Amino acid sequence: MATFGTLSDRLTETFRNLRTKGKLTAADVDGTVREIRRALLDADVALVVVKDFTAKVRERALGDEVNKALNPAQQVVQIVNEELVQILGGEQRRLQFAKTAPTVIMLAGLQGSGKTTFAGKLAKQLEGEGHTPILVAADLQRPNAVNQLQVVAQQAGAAVYAPEPGNGVGDPVKVSRDGVEYARRQQHDVVIIDTAGRLGVDAELMKQAADIRKAVNPDEVLFVIDAMIGQDAVNTAKAFQEGVDFTGVVLSKLDGDARGGAALSVASITGRPIIFASTGERLEDLEPFHPDRMASRILDLGDILTLIEQAQQAFDEEEATKMAEKLANEAFTLEDFLDQLQQMKKMGSMKKMLGMLPGMGQMKQQLDDFDEREIDRTEAIIRSMTPGERRNPKVLNGSRRLRIARGSGMTVTDVNQLVQRFEQAAKMMKTVARGGTPNIPGMGPVPGMGRPGASSKRGKKGKSSGGSRSGNPAKRAAENAGLATTATPTGSGFGLGGGGAAQAPSEADLAEIQKLFGKG
């Protein structure tokens, strides 16, 4: 959630200054509220929303609930969190489906806000929930908009109704009306109508959108707004509310690096709930919007519930049970590890998942340095092994490691570090599976993150065990290098990528890991 990164940093720093105070004075509260106001204004949150928000925080912070609190700093954080939830809409609101199919969902918004991409994302999500959606190409104005919707529909595995070529040809009102009738005949239970946008709000845009709404009488009208649009978000939202009267909001491009705070104002200004948040370019990167979880992310309190839900969707329960049994029986192999990597890739971006953990805002630089491609490189090394080598890494002598390195396009050092880190990770997983506390070196075996040094293992006579016996000196040196491990490797979690100084985890970190593994 890069969009709110700066706001999150500012608020976290403000609260950090309160922790040293045993009791808060009126001056402390005023200073804190002033910093919160500046942080929100810098993030492009609408002025009227900022004034109302800070007034409520100040009133509650000076009240009895803080004066009687054992930890006033934490109480202020709680107050800010609760008020932030309110300006984000209060409670989650889901899509409202019609009692009699099909449910008609109309999309509205400016050109470039992400309506067409969102249509595909929503169709894919509905497909996964057992619905049979159809996309209607009613954006006949933007060049190649119909073709784009057809491509997105194909990627989402959804049907599409596109009788007109677009590019200025065709009547969008007629296409929308006919699309609903077509969906009813073909027994599609959800119709998603992708309408045209403009570079700015104009009368023609509003009239066309209003005519489409009148013709199809949609069950939901979703206003798609770019989270990076800036202060103009409020004016745009008001114009669409007056012209089309939408029922819900979709925040797109939440993975961008703009300030994005104006998007926080939309729910409060319009009184309409935010229903979805688009967090990436893939069709899978669409989340139901939870105001309480978004507030927790902004305040760097983490979003464990969303992380768990994504894990449940990506991981097969039967496979997870088999994996738990293997861990308990110490039968975890590189083949199993490869399966786990592929399961993790289904969940999406590792950066995004790690960012949902509490306190990860304080490790922003490490997350920025995280290289998603390291997982692919690790996978390439394992796939270059034979099934026997994956099941028993102990057979990997110098010759085998040299072959694996060449086959995967990596170096022998990369192969060595992967094997070493896998052995450490397997030990940690076995400890956790038995209910114990893992002894994690540094930040643990996470691909792409820093790792500490490791001592090399030598034979009795100072040579690498199982040294090469090749008569070719160059080949012998390369194979012997395949058995040697560096004294201070600079690899990442599983031996790849950039390194860095690692820090030992705190007791709180270990407790959090225990919870994630279900042993809390």
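Structure: above.
These lines cover the structure that appears in this document, whether it is placed above or below.

About the thresholds
Residues numbered from 1 in each chain as written. Predicted model: local features only at pLDDT ≥ 70, side-chain atom pairs only at ≥ 80, totals over all residues. Heavy atoms only, no water. Helix = DSSP H or I, 4+ residues; strand = E, 2+ residues; numbered from the N terminus. Buried < 20%, exposed > 50% of the residue type's maximum accessible area, 1.4 Å probe, protein only. Contact = heavy atoms within 4.5 Å. Areas by Shrake-Rupley, 256 points an atom, 1.4 Å probe, with all protein chains shown as cover. Phe/Tyr/Trp six-rings, centres within 6.5 Å; stacked < 30°, edge-to-face > 60°. Pairing = 2+ DSSP bridges. Axes fitted to C-alpha atoms, helices over the stretch in contact; angles between N-to-C directions. Polar contact = N/O pair within 3.5 Å; in protein donor to acceptor, adjacent residues only side chain to side chain. Core = buried A, V, L, I, M, F, W, Y, C linked by side-chain atoms within 4.5 Å.

## Examining the overall build of the protein chain
What the protein chain contains, in helices and strands, is 23 helices and 8 strands. Counting the 520 residues in the protein chain, one finds 48% classified as buried. Across the protein chain, the fraction of contacts at a sequence separation of at least 24, relative to all contacts at a separation of at least 6, is 75%. Of the roughly 24800 Å² of accessible surface on the protein chain, 48% is carried by carbon and sulfur atoms.

## Here's the deal with the packing of aromatic side chains
For the coordinates displayed, the defined rule picks out 4 aromatic pairs. Relative to Phe 246, the ring of Phe 223 lies with its centre 4.9 Å away and its plane at 25°, an arrangement referred to as stacked. Of this pair, Phe 223 sits in strand β5 (residues 220-226) while Phe 246 sits in the loop between α10 (232-243) and β6 (248-252); the two residues are 23 residues apart in sequence, bridging distant segments of the chain. Across the pair, Phe 246 and Phe 223 agree in class, each one buried. Site record: aromatic cluster; members linked through ring pairs are Phe 223, Phe 240 and Phe 246.

## Quick look at the sheet that holds strand β2 (residues 133-138)
Pairing is mixed in the open sheet, where 8 strands are placed in the order β3-β2-β4-β1-β5-β6-β7-β8. Bordering the open sheet on either side are β3 (159-161) and β8 (286-288), each of which pairs with just one other strand. Between one strand axis and the next, the sheet turns through 25° on average, direction left out of account. Bridge analysis of β2 against strand β4 (residues 190-195) gives 6 bridges, and the strand direction is parallel.

## Remarks on the side chain of His 290
Mapped onto the elements of the fold, His 290 is located in the loop between β8 and α12 (291-298). Among the polar contacts listed, one links the side chain of His 290 to the side chain of Gln 92, at a separation of 3.5 Å.

## Brief notes about the nonpolar core
In summary, soluble globular proteins display a tendency toward joint burial of nonpolar side chains. Among the nonpolar cores identified, the biggest contains 96 residues, and Phe 15, Phe 118, Ile 192 and Phe 240 are the most heavily contacted of them. When residues in this core are grouped by element, the largest group, 8 residues, is from helix α5 (residues 72-87). Excluding residues within four positions of it along the chain, Phe 240 makes contact with Ala 108, Gly 109, Leu 110, Val 201, Leu 205, Met 206, Phe 223, Asp 245 and Phe 246. Counting 20 residues, the second-largest nonpolar core is a separate cluster that includes Phe 332, Met 385, Leu 396 and Phe 422.

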